[in-house]
Amino acid sequence: MNKDLETVLDTKDNTSDTGTTNKGTDNKPQKKYKYSRTARAILSGLSLAFVASLCVGMIMYTSESTEELRENNKANSLKAKINSLLPDDARGDNIRLTCYAIQKSRNIGHNQKLYIAAKDLEIKGYIMTYSTSLGYSDPLVMIAGFTPDKKVYKADIYFSQETPGLGDKVDRDHGNFLDQLSGHSLMTSTWDVKKNGGDFDFITGSTVTSRATVIATYQALKELNSFDTRSLKKCKVK
């Protein structure tokens, strides 16, 4: 007899110990499961839920573990910015920096900060953050250092959403436009761009942002000349 035919006719391997055949509709032996279909579905759902919970837990752990690092980087960046804007006499190990929160001001906006640098109770300089809505994108936030006699020492952009290639030309990364503010005080200058009869240059194609930085710094000087630290709450110098 042909061996292939013998294989087809041989039913020994397809019968159970009781002599009955255990086949499916396609004449193949059916697979036996240890658990019922319902139990398998429940186990699959629990497995997926466990994996999902594990992923969420890992994401939360990563976020929490890196939050402190992000805050430290932000604080170090601010400290570096403050140090670069303070007058030379207001830097050093013996300088004490005190922070005051300006929660609401018509001149410089809400939730701004004033830092006073002092040595042996003598003020050596100021740092102030201030915002304006005169730019293309609101807000435009600036930060500047001031001398003890309340002249602009150095101004910079702290936060900006101005149009790339236009409004952002006032940034120090793109030039020295803001240097023209240095040395000016509240009463010694006409605080506007020359196009409007003021003392300050403007960048062609970026007149709005140029003017916004000038007017905002003028408003900051007004705030600096009128503040009373007794009315301000102290904040942490991070």
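Structure report, in brief. Just so it is clear, the structure is predicted and the values come from calculations on it, not from any experiment.

## A few points about the sheet that holds strand β1 (residues 96-102)
If you trace the six strands from one edge of the open sheet to the other, you get β5-β4-β3-β2-β1-β6, paired in antiparallel fashion. The open sheet is flanked by β5 (152-159) and β6 (233-235), the only strands paired with a single partner. Taken pair by pair, the neighbouring strands of this sheet meet at an average axis angle of 25°, ignoring direction.

## Focus on the pairing of strand β4 (residues 140-146)
Most of β4 is tucked away: seven of the seven residues are buried. Inspection of the sheet shows strand β3 (residues 122-132) paired to β4 by seven bridges, in the antiparallel sense. Bridged to Tyr 130 within β4 is Met 142. Pairing of β4 with β5 involves six bridges; the strand directions are antiparallel.

## Remarks on a nonpolar patch on the surface
On the surface, a nonpolar cluster with roughly 430 Å² of combined accessible area is contributed by Phe 50, Val 51, Leu 54 and Met 58. Residue Val 51 is classed as partly exposed on the basis of its relative accessible area of 46%.

Reading the values: rules and limits
- Residues numbered from 1 in each chain as written.
- Predicted model: local features only at pLDDT ≥ 70, side-chain atom pairs only at ≥ 80, totals over all residues.
- Heavy atoms only, no water.
- Pairing = 2+ DSSP bridges.
- Helix = DSSP H or I, 4+ residues; strand = E, 2+ residues; numbered from the N terminus.
- Axes fitted to C-alpha atoms, helices over the stretch in contact; angles between N-to-C directions.
- Buried < 20%, exposed > 50% of the residue type's maximum accessible area, 1.4 Å probe, protein only.
- Patch = residues over 30% accessible without salt bridge, like charges linked within 9 Å, V, L, I, M, F, W, Y side chains within 5 Å.
- Areas by Shrake-Rupley, 256 points an atom, 1.4 Å probe, with all protein chains shown as cover.
- Salt bridge = Lys/Arg side-chain N within 4 Å of Asp/Glu carboxyl O.

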